[in-house]
Amino acid sequence: MDILIPKNKWSFITRWWWLGALLLAGTAAAGLYWPRAGQRLHIAASRLTISPVTQGNFQEFTAIDGVVQPLRTVYLDAAEAGTVQQVLAEEGTTLTAGQPLLRLANPDLQLEMVNRETAVYDLMNNLRNTRNQLLQNRILRQNQLADIDFQLAEAKRVFDTNQVLYSQKVIARQDYLQSQNAYRYQQRRRQLTQQTLRQDSVAMLQQLGTMQESVQRMTSNLALMRRKMDDLLLRAPVGGRLSSLAAEVGEAKTRGQRLGQIDALVGVKLHAAVDEFYIARIGAGQVGEVVVEGQAYALRVTKIFTQVAKGLQIDLAFTGTPPPGLRRGQTLPIRLALSAKAPAVLLPKGGFYQQTVGNWAFKLAADGTRAQRVAIRLGRQNPDYYEVLTGLRPGDQVVTSSYEGYADQQELVLDNRQPATP
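Cut-off values and rules
- Residues numbered from 1 in each chain as written.
- Predicted model: local features only at pLDDT ≥ 70, side-chain atom pairs only at ≥ 80, totals over all residues.
- Heavy atoms only, no water.
- Helix = DSSP H or I, 4+ residues; strand = E, 2+ residues; numbered from the N terminus.
- Rg over C-alpha atoms; globule rule 2.2 N^0.38 Å.
- Contact = heavy atoms within 4.5 Å.
- Areas by Shrake-Rupley, 256 points an atom, 1.4 Å probe, with all protein chains shown as cover.
- Lys, Arg positive; Asp, Glu negative; His and termini not counted.
- Charge placed at Lys NZ, Arg CZ, Asp CG, Glu CD.
- Expected span 1.5 Å × (residues − 1).
- Polar contact = N/O pair within 3.5 Å; in protein donor to acceptor, adjacent residues only side chain to side chain.
- Phe/Tyr/Trp six-rings, centres within 6.5 Å; stacked < 30°, edge-to-face > 60°.
- Buried < 20%, exposed > 50% of the residue type's maximum accessible area, 1.4 Å probe, protein only.
- Lys NZ or Arg CZ within 6 Å of the ring centre and 35° of its normal.

The name given to the protein chain in an unreviewed UniProt entry is Efflux transporter periplasmic adaptor subunit, with the source organism recorded as Hymenobacter coccineus.

As structure tokens, then:
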């Protein structure tokens, strides 16, 4: 048989009680994180930085420092080792090409020079003696050939005569054969002498040629040695300003040691380091500008160094006439463009971005007595401006100083507001 179970009235009430408690707790928690409608704060206007929103050309760029360097620098290295004997120029002097700078002394090099000169003179004397001896041998062979020609002609005359007499049976056959053999002997002798003379001529030419080549090689080595001796007198390879010269009288210098440098007076460039964050956006030919005494000068990236050390190292050259009076080592601020200029709504940069991340800002009302919280959206930025995408229009006034301490407010009431310079 079914039994009637009484309904529990407290369960329904309990559920609604807990639901109300949860709603109340959620509302209290939301109040901790979201500003209440109409929440406002009175603040002195002098504590704020108020900047206007403008319309202009936006360009991404990075600000870097460029160091003035000469457009062309020539380094002076010791071509030969030696001891500084005389310093002929001072640092800061304007030089002409070929002007002596300093003189080195190297006794070992001088002794080697003397030995090579002696060897060349000895070889040249041997060449002359050999040439004279070969010419004498040639003359001797030619005299022998002349004598053989005479004997050959005489033997031919006797043979021709005996040939006629023998045909007439005037002389004996023995006399005829004897004259014939004498004639053939002289012919063979002349052939051998001519062959010997030709071989001697070829050998003489080869020997003279070999010796002549030896003389030329040693003469070239001697000329090279003389140039090495000339390198002991360091000269300016180009005209310019002697920016450094590290040499003192009596100081020993090794071959290849850096002695100084000359800055050619053909222009200047700027050397700068770009943050590694922009490596992918830097290329040769990229433009920039530097402002000197209120005047802007255009720049162009001419060289990008492959090694990254303390940032990406680049060289920039002036596209036109550089500013007057620049000195080596002077530092100039550079604006290196990362994009082309394009029309945009611009908001000056400020500390407010740290609290809002560009999602909202305090915009002044038309009467300038209060600033209300408005939603905005920012795009690209450069060291001077943010690009405004939505939420602000040209002519609006925005609080751009830090919002620390009142980032949870909905409205700021400006007390004793004084005009602020953007």
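Q: What should I look at first to understand the overall build of the protein chain in this one?
A: A tally of regular secondary structure across the protein chain gives four helices and 24 strands. Computed over its C-alpha atoms, the radius of gyration of the protein chain comes to 52 Å, more than 25% above the 22 Å expected for a compact globule of 422 residues. C-alpha extents for the protein chain along the principal axes are approximately 185 × 90 × 40 Å. Within the protein chain, contacts between residues at least 6 apart in sequence are counted, and of these 77% link residues at least 24 apart. In the form shown here, the protein chain has an accessible surface area of approximately 26,700 Å², with 53% of it arising from carbon and sulfur atoms. Considering the protein chain, the positive charge centre built from 48 side chains and the negative charge centre built from 36 side chains are found 7 Å apart.

Q: In this structure, what is going on with helix H2 (residues 107-167)? I would like to understand it.
A: In an α-helix there are 3.6 residues to a turn, and that puts residues three or four apart on one side. The first and last C-alpha atoms of H2 sit 89 Å apart over 61 residues, in line with the 90 Å expected at 1.5 Å per residue. Of the residues flanking the start of H2, the one acting as N-cap is Asn 106, its side-chain oxygen 3.2 Å from the backbone nitrogen of Asp 108. Looking one or two residues beyond H2, the residue adopting positive phi is Lys 169, at roughly 60°.

Q: Is there a simple way to explain the packing of aromatic side chains in this structure?
A: Both the distance between ring centres and the angle between the ring planes are used here to describe each pair of aromatic rings. Enumeration according to the criterion identifies 13 aromatic pairs in this entry. Centre to centre, the rings of Phe 352 and Tyr 403 are 6.0 Å apart; their planes meet at 40°, and the pair counts as tilted. Residue Phe 352 is found in the loop between strand S18 (342-348) and helix H4 (353-356), and its partner Tyr 403 is found in the loop between strand S23 (397-399) and strand S24 (411-415); the two are separated by 51 residues along the sequence. Both residues of the pair, Phe 352 and Tyr 403, count as buried. Aromatic ring contacts, followed pair by pair, group Phe 352, Tyr 353, Trp 360, Phe 362, Tyr 386, Tyr 403 and Tyr 406 into a single cluster. When the ring centre of Phe 61 is taken as reference, the NZ or CZ atom of Arg 335 above it lies at 3.8 Å. Against the face of Trp 360 rests Arg 373, its NZ or CZ located 3.7 Å from the ring centre.

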